[in-house]
Amino acid sequence: MVAEKTTNEMYQVGKSIPKVDAREKVLGRAQYIAELTRPNMLFGAMLQSPYAHARIIAYDTTAAEKVTGVKCVLTGDDFEDHKMGPFIKDEGAIAKGKVRYMGEPVACVAAEDEETARAAALLINVEYEELPTVLSPEAALEAGAAVLHEDLADYFKVFEAIAENNLMSYTEISEGDVDKAWDECDLIVENVYETQAQNHLSLEPCGALAEVEPDGLINLWSANQSVFRVQANVCECLGLPMSRVRSMTPKVGAGFGNKMEAHIQPLCVALALATKRPVKMILSREEDFETVRARHPFKIRCKTGVKKDGTFVAREVELLLDGGAFADDSPGVLGNATLMSVGPYHFPHAKAFGKVAYTNHLRFAAFRGFGNPQVTFAGEAQINDIADKLGIDPIDLRLKNVLAKGQQWFGGQKVDSNGIYECLEKVRVSSDWDNKRKNSGENGIGISVAGHISGLLATGAIVRMLEDGTFVLNTGATDIGQGSDTVLTQICAEALQIPIDRIRTATPDTDASPYNWGTTASRVTYTTGRAVVGAAEDAVRQIKDYAAIVLESLADDLELREGGMVGIKGANKEVSFFEIAAMTHWGVGGPIVGSHTLVFDQSTIDPKRAVAKGMPFTNIGVFTFAAMVSEVAINQVTGKASAEGAWYAVDVGQAINPGLVEGQIDGGYAQGLGYALFEEMIWDDGRLANPTLMDYKVPGTAEVPYDIDTTIVEHPEPDGPFGAKGVGEITLVTVPASICNAITHASGVRLRKMPFSPERVLNGIIENEIT
Amino acid sequence: MGETISLNLNGEVREAKAGLTTTLLEVIRDQLGLTGAKKGCNQGVCGACTVSIDGKLARACLSLAVNSVGREITTNEGLTEDGEPSALQQSFIDNGAVQCGFCTSGMIVSSHALLQDIPNPSIDEVRDGLSGNVCRCSGYRKIIDAVRGVARG
Ligand code: FES
Ligand code: FES
């Protein structure tokens, strides 16, 4: 079986080939949503709510409708009461009846050009009646708090949600008996940690282009992470059959979770339906900040109990998340955060539980790490405090307690590929840990480890032989810039034993591609890669059947040979893919189409081991592991912490393309560094105060050190494609904790609230001096 | 839509319509079909719209089209060699310096200008030269390698 080959034998896997779309991108010719046009196209714009929570009393659209060039104005009254949502169907295409956050779209306009559309939208008058707001999860959960979704109980939910009033979801997992276990501990540490909202800031703002064909079929292009989620969302909230909507994607200017579920697509489709003309909408940076989605702020109470010798005994974690105005992926983020609360460690007793609440903020949702960076920050900071108290080196303490081979993840799932121990050993050496830890100079170093999943849900692949023996690979997976088209092509080329340039990757299209849940959850390499291997094997089976006829042999006696040949094992006789293609297209059998689909089906919770309540998913994924050391320098006068270097070791199972793995590590580091040190969305009484790049800083070359050392560890995942598992998210998960721990090493200051701003560091230094 | 203006763009004279507030970015993208420069912020911060005007780097989103008349404007497309990648562009490909590609044209225009000034830049000189270009996908390391790689040939 092709999937069982080892590294040494690989033909296309394990090579850092350039991305298949790099050329069009360096030439400035790649087409993103903003570049697409259709004949007779209109432009859409929206009006946003000036209130965080208010009832909509009336609309007056006359002034907007009178503007020359305006073709249509839509308000909530023009939309039927349909709802979308990946976990809880609580969100319409537009505000209807009431608004739930400041900036929420309340009306939209289509006009001959963008300027006219934007100007006209501002002429729409909406009469509101203000309602009391809830601007924190604590306030939301208080008795008597204003309720965001009066009909929550009636909403359709895809899981058994524990939800009531403003409680969107409650999740709990427990193993062993934490309450009893505290007595066995020699040391118990308990702290509260806080994290802030982070904006994804994909450099490309969200946008969409919709066109209704004369027969009523809708073509929809948009910046997305899943053409299938776009199709589902649009159809759910507009009440359309999915067979009427064809969802496609141009190149995507990155997505870190923000483009996974709907943004502007439903409004764009509604305007196209109303005007019978193509409509394009591109959000401004401010609108993107205000209306798309962001990373959840967390409050985390973390309690860990250990033996004197450092053996971990028990951990309890309690979470409180701000979910914002709509559920979106929040229940999933809470579920994953709960599952990740214990980290890649063996705790005989553990319990994690938490709530996510509706508030009058922008929806919080999926963002690289999916709840894991927050709980890893808390857990890993606390483990360092424990190491300090016990006088044990932080890496030694981790080595003693990380999951050993054969040990299960919290909740009971088995872990087949586990390179965490090796990751820790590698970064200890690469970072020169032992020396740097001893010589406490100006700079500090900090360690952090994590496990993360890659997996979830359904995916498919079609491998189709063309008339000349080359191939089209069609998976429906959106390449958001991370390079999945390249990686999947390499996997396919390996399985078929042909050069990369004999495979073309089809762009995702719901009319033509097999289902793919999306480019999220670090899942494409692992799950879609499996589907590609399966589809290629299906094609190879057919190829061999026909080759057997030509070669007058048995299919079982045949082997693939590099470069697109099938030969008889141990003999010279062979036939090319070119000949097989010609034969099947023109003579015998019919063209070769290999296909394979799957749904990830390993159980996350083993009921014999753990008790779980309110889990939004049953089968989440296989585990990826990482360890990293960060180095920081602290300016003693200003308190400013700056990142000076990072050493990573990441167990990716098998790197399909090591260069692209490094790209993910670099990018995850930079984004994590911004999150740790300065990125923060700030609300002022319901209003997002910094929705621009002027006011919301992201890391540039001045902030990101050049020295990022990457070690790729490869413990093959048995059912992964050639042993591979995902890497996209884990590279960010470890960053805040390692930087936090480095700050403590450099300054003696332990911060428990992110971001680690100069002010917080300085206050810590001053407090330490006083005490 | 404003008056007809004539621009010297990538060595060619191109006509466009521009009002007093029309930006160079809107003109080159929407009217002249050069879409390598991107609108990432429209506020002069991200650098995705970077072009060169009379040999100096400029934010096309902040440059008024009417003020660009009579100047030499070069976009990333103008740096290609007959539509093929230049050595610098090829170095971006070879060094894995492209992920989503949204920042790439701006990065290449800035890097090109940097290399004109400093043919063999150090790591810190490249970091300085690119400090006005945001990339959200990478950690800049491979971009820096791409720029230095072409300098070293
Ligand atoms: S679009 Fe011009 S600097 Fe961002
Ligand atoms: S490659 Fe995506 S922003 Fe730079």
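Computed from a predicted model, the values in this text were never measured in an experiment.

Points about the sheet that holds strand β13 (residues 298-306) of chain A
All names here are of chain A.
- Read across the open sheet, the 6 strands follow the order β8-β13-β14-β15-β7-β24; overall the sheet is mixed. Edge positions in the open sheet fall to β8 (187-194) and β24 (610-613), since each of these has one partner strand only. Strand-to-strand twist of the sheet, defined as the mean angle between neighbouring strand axes without regard to direction, takes the value 5°.
- Bridge count for β13 against strand β14 (residues 312-324) is 9 bridges, and the pairing is antiparallel. Its bridge partner being in β14, Val-306 is matched across the sheet by Phe-312.

Observations regarding the domain arrangement of chain A
All names here are of chain A.
- Structurally, chain A comprises domain 1 (7-30 + 457-599), domain 2 (36-131 + 205-252 + 259-291) and domain 3 (298-448 + 619-770).
- Its C-alpha centre places domain 2 at a distance of 37 Å from the equivalent point of domain 3.
- At the junction of the two partners, domain 2 supplies 18 residues and domain 3 supplies 23 residues.
- Of the roughly 1900 Å² buried between domain 2 and domain 3 on both sides combined, carbon and sulfur atoms contribute 63%.

Here's the deal with the pairing of strand β21 (residues 565-568) of chain A
Residue and element names in this part refer to chain A.
- Where strand β20 (residues 558-561) lies against β21, 4 bridges are found, and the strand directions are antiparallel. Bridging from a neighbouring strand, Leu-560 pairs with Val-566 of β21.
- Two successive antiparallel strands, β20 and β21, enclose a turn made up of 3 residues, where Gly-563 displays a positive phi of approximately 95°.
- Bridging between β21 and strand β22 (residues 574-576) involves 3 bridges; their strand directions are antiparallel. Among the inter-strand pairings, Gly-567 is bridged to a residue of β22, identified as Glu-574.
- Between the antiparallel neighbours β21 and β22 lie 5 residues, among them Gly-570 with a positive phi of about 75°.

Examining the domain arrangement of chain B
Residues and elements named next belong to chain B.
- For chain B, the assigned domains read domain 1 (3-75) and domain 2 (87-152).
- Counting residues at the interface gives 15 residues for domain 1, matched by 9 residues for domain 2.
- Summed over both partners, the interface of domain 1 with domain 2 buries about 840 Å², with 63% contributed by carbon and sulfur atoms.
- Linking domain 1 with domain 2 are 0 salt bridges, by the criterion used here.

Brief notes about the sheet that holds strand β19 (residues 503-505) of chain A
All names here are of chain A.
- What the 4 strands build is an open sheet, ordered β19-β18-β17-β23; its pairing is mixed. Edge positions in the sheet fall to β19 and β23 (593-599), since each of these pairs with one other strand and no more. The mean inter-strand angle of the sheet, taken between neighbouring strand axes irrespective of direction, is 15°.
- Pairing of strand β17 (residues 458-465) with β23, which is carried by 7 bridges, proceeds in the antiparallel orientation. Bridge assignment links Ile-462 to a residue of β23, and that residue is Ser-595.
- Sheet strands touched by helix α14 (residues 484-496): β17, β18 (471-474) and β19. Its angle to β19, the strand with the most contacts, is close to 150°.

Focus: the environment of Glu714(A)
Residue and element names in this part refer to chain A.
- Following the sequence through the fold, Glu-714 ends up in the loop between β29 (708-713) and α18 (730-733).
- Owing to a relative accessible area of 33%, Glu-714 belongs among the partly exposed residues under this scheme.
- Between the alpha carbons of Glu-714 and Cys-423 there is a distance of 9.7 Å; along the sequence they are 291 residues apart.
- Contact partners of Glu-714, with chain neighbours within four places excluded, come to Asp-651, Gly-653, Gln-654 and Ala-655.
- Side-chain polar atoms of Glu-714 contact the backbone nitrogen of Ala-655, separated by 2.7 Å.

Brief notes about the interface of chain A and chain B
- In this assembly, 52 residues from chain A lie in contact with 43 residues from chain B.
- Taken together, both faces of the contact between chain A and chain B bury some 3900 Å²; the carbon and sulfur share is 56%.
- Considering only the surface of chain A that becomes buried against chain B, Leu203(A), Thr701(A) and Tyr706(A) emerge as the three largest contributors, covering 23% of it.
- The tally of links between chain A and chain B comes to 6 salt bridges.
- Note that Glu35(A) and Lys38(B) form a salt bridge whose closest N and O atoms lie 2.8 Å from each other.

Here's the deal with the side chain of Glu261(A)
All names here are of chain A.
- Note that Glu-261 resides in the loop between β11 (245-248) and α7 (265-275).
- Within the structure, the side chain of Glu-261 is placed 2.8 Å from the side chain of Arg-229, a separation counted as a polar contact.
- Among the polar contacts made by the side chain of Glu-261, one reaches the side chain of Asn-233 at a distance of 2.9 Å.

Overview of the packing of aromatic side chains
Residue and element names in this part refer to chain A.
- Scanning the model with the defined rule gives 16 aromatic pairs over all chains in all.
- Ring centres of Phe-471 and Phe-577 lie 5.9 Å apart, and the angle between their planes is 75°; this geometry places the pair in the edge-to-face category. Of the two residues, Phe-471 sits in strand β18 while Phe-577 sits in helix α16 (residues 577-586), which places them 106 residues apart along the sequence.
- When its relative accessible area of 1% is taken as the criterion, Phe-471 is described as buried.
- An aromatic cluster is present here, built from Tyr-193, Phe-377 and Phe-756 joined pairwise through their rings.
- A cation over an aromatic ring shows up here: Arg-295 above the ring of Tyr-675, its NZ or CZ 4.7 Å from the ring centre.
- Between Lys-697 and the ring centre of Phe-678, over which it is positioned, the NZ or CZ distance is 5.5 Å.

Rules used throughout
- Residues numbered from 1 in each chain as written.
- Chains lettered and ligands numbered in written order.
- Predicted model: local features only at pLDDT ≥ 70, side-chain atom pairs only at ≥ 80, totals over all residues.
- Heavy atoms only, no water.
- Pairing = 2+ DSSP bridges.
- Helix = DSSP H or I, 4+ residues; strand = E, 2+ residues; numbered from the N terminus.
- Axes fitted to C-alpha atoms, helices over the stretch in contact; angles between N-to-C directions.
- Domains from an automatic or database assignment.
- Contact = heavy atoms within 4.5 Å.
- Buried area = accessible area lost by both parts, 1.4 Å probe.
- Salt bridge = Lys/Arg side-chain N within 4 Å of Asp/Glu carboxyl O.
- Buried < 20%, exposed > 50% of the residue type's maximum accessible area, 1.4 Å probe, protein only.
- Polar contact = N/O pair within 3.5 Å; in protein donor to acceptor, adjacent residues only side chain to side chain.
- Phe/Tyr/Trp six-rings, centres within 6.5 Å; stacked < 30°, edge-to-face > 60°.
- Lys NZ or Arg CZ within 6 Å of the ring centre and 35° of its normal.

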